[in-house]
Amino acid sequence: GESVGLHLPTLSVQEGDNSIINCAYSNSASDYFIWYKQESGKGPQFIIDIRSNMDKRQGQRVTVLLNKTVKHLSLQIAATQPGDSAVYFCAEFRGSSNTGKLIFGQGTTLQVKP
Amino acid sequence: SAVISQKPSRDICQRGTSLTIQCQVDSQVTMMFWYRQQPGQSLTLIATANQGSEATYESGFVIDKFPISRPNLTFSTLTVSNMSPEDSSIYLCSVGGGAFWISGELFFGEGSRLTVL
């Protein structure tokens, strides 16, 4: 079946370095993607989203890139901090705004070394 | 954003019993979903909780095992029936489409961590 998946299960970076988390999706009809951050013992929290009519979107210290040609999504975190340590999920929204659903990828654990 | 409260936050249950998880939202929302997150895994959508009608279940999930209620626009319950150790998971409620709705973003509760012995 169709899925949203991530390339690497764990990413370890040095504090202050930039982090790049990747995601591949298979549903070419999807037009909306979200990155979530999940800290231990908590529910997922929204980080940033992007629609298919864009190829880049920037937030505070985070940038999401979308390559529709190869169905690839990435999350870039600038100047990674210890508080960024968490599991990161990409998610694909399927359907219309009031009848759709969110399908999650497998997740990448980001470990920030001091 | 919406404030989502789930009860219980955690529980230890005996095999063969059933447990109902409650999800309360502080504002009216159109969309409510139930997810399961098994240890060390991603979130898997169980069903969409539709207000005033039966829930819509994803492949691999059935109403007899996971009955859902959605009596109004701020509340839903998920029951995990006839539990086995394989049901040990975090169950998460998520919502969208309310007054705060700007994009397709969904908000999540803190989850209910169930351990089945």
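## A short note on the overall build of chain B
Assigned secondary structure in chain B consists of 0 helices and 11 strands. Counting from the amino terminus, helix and strand elements in chain B follow one another as β-β-β-β-β-β-β-β-β-β-β. Classification of the 117 residues of chain B by burial places 54% in the buried group. Intrachain contacts of chain B at a sequence separation of at least 6 include 55% that bridge at least 24 residues.

## What about the packing of aromatic side chains?
Under the defined criterion, the tally for this structure stands at 11 aromatic pairs over all chains. Seen from their ring centres, Tyr36(A) and Phe46(A) are 6.5 Å apart, and the 85° between their planes marks the pair as edge-to-face. Taken together, the residues Tyr36(A) in strand 4 (residues 32-38) and Phe46(A) in strand 5 (residues 45-51) connect sequence positions 10 residues apart. Look at Tyr36(A) and you get buried, because its relative accessible area is 0%. Judged by its relative accessible area of 30%, Phe46(A) is partly exposed. Ring pairs connect the aromatic residues Tyr36(A), Phe46(A), Phe89(A), Phe104(A), Tyr35(B) and Phe108(B), which therefore count as one cluster. Residue placement shows Arg51(A) over the ring face of Tyr32(A); its charged tip is 4.2 Å from the ring centre.

## Details of the nonpolar core
Counting residues in each nonpolar core, the largest one holds 27 residues, and the members touching the most others are Trp34(B) and Val95(B). Ranked by residues supplied to this core, first place goes to strand 3 (residues 19-25) of chain B with 4 residues.

## With respect to the sheet that holds strand 8 (residues 75-80) of chain B
Residue and element names in this part refer to chain B. One open sheet accounts for 4 strands, arranged 1-3-8-7; its pairing is antiparallel. Two strands lie at the open edges of the sheet, namely strand 1 (4-7) and strand 7 (68-72), each paired on one side alone. Neighbour-to-neighbour, the strand axes of the sheet open up by a mean angle of 15°, direction not taken into account. With 3 bridges joining them, strand 7 and strand 8 adopt antiparallel strand pairing. When the bridges of strand 8 are listed, Asn72 appears paired with Phe75.

## Structural notes on the environment of Glu86(B)
Residue and element names in this part refer to chain B. Summarising the element assignment, Glu86 is placed in the loop between strand 8 and strand 9 (89-96). Residues Glu86 and Asn72 lie 14 residues apart in sequence; the distance between their C-alpha atoms is 31 Å. Within polar-contact distance, the side chain of Glu86 engages the side chain of Ser84 at 2.9 Å.

## Structural notes on the state of the cysteines
Evaluated as defined, the whole model comprises 2 disulfides over all chains. Cys23(A) shares a disulfide with Cys90(A); S-S distance 1.9 Å. With the S-S bond torsion at 45°, the cross-link from Cys23(A) to Cys90(A) turns out right-handed. Within this pair, whereas Cys23(A) is found in strand 3 (residues 19-25), its partner Cys90(A) is found in strand 9 (residues 86-94), the two being separated by 67 residues in sequence. No difference in accessibility class separates Cys23(A) from Cys90(A), as the two residues are buried. Each sulfur of the disulfide joining Cys23(B) and Cys93(B) lies 1.9 Å from the other. Taking the sign of the torsion about the S-S bond as the criterion, the disulfide between Cys23(B) and Cys93(B), at about -65°, is left-handed.

Rules and cut-offs
- Residues numbered from 1 in each chain as written.
- Chains lettered and ligands numbered in written order.
- Predicted model: local features only at pLDDT ≥ 70, side-chain atom pairs only at ≥ 80, totals over all residues.
- Heavy atoms only, no water.
- Helix = DSSP H or I, 4+ residues; strand = E, 2+ residues; numbered from the N terminus.
- Buried < 20%, exposed > 50% of the residue type's maximum accessible area, 1.4 Å probe, protein only.
- Contact = heavy atoms within 4.5 Å.
- Phe/Tyr/Trp six-rings, centres within 6.5 Å; stacked < 30°, edge-to-face > 60°.
- Lys NZ or Arg CZ within 6 Å of the ring centre and 35° of its normal.
- Core = buried A, V, L, I, M, F, W, Y, C linked by side-chain atoms within 4.5 Å.
- Pairing = 2+ DSSP bridges.
- Axes fitted to C-alpha atoms, helices over the stretch in contact; angles between N-to-C directions.
- Polar contact = N/O pair within 3.5 Å; in protein donor to acceptor, adjacent residues only side chain to side chain.
- Disulfide = S-S within 2.5 Å.

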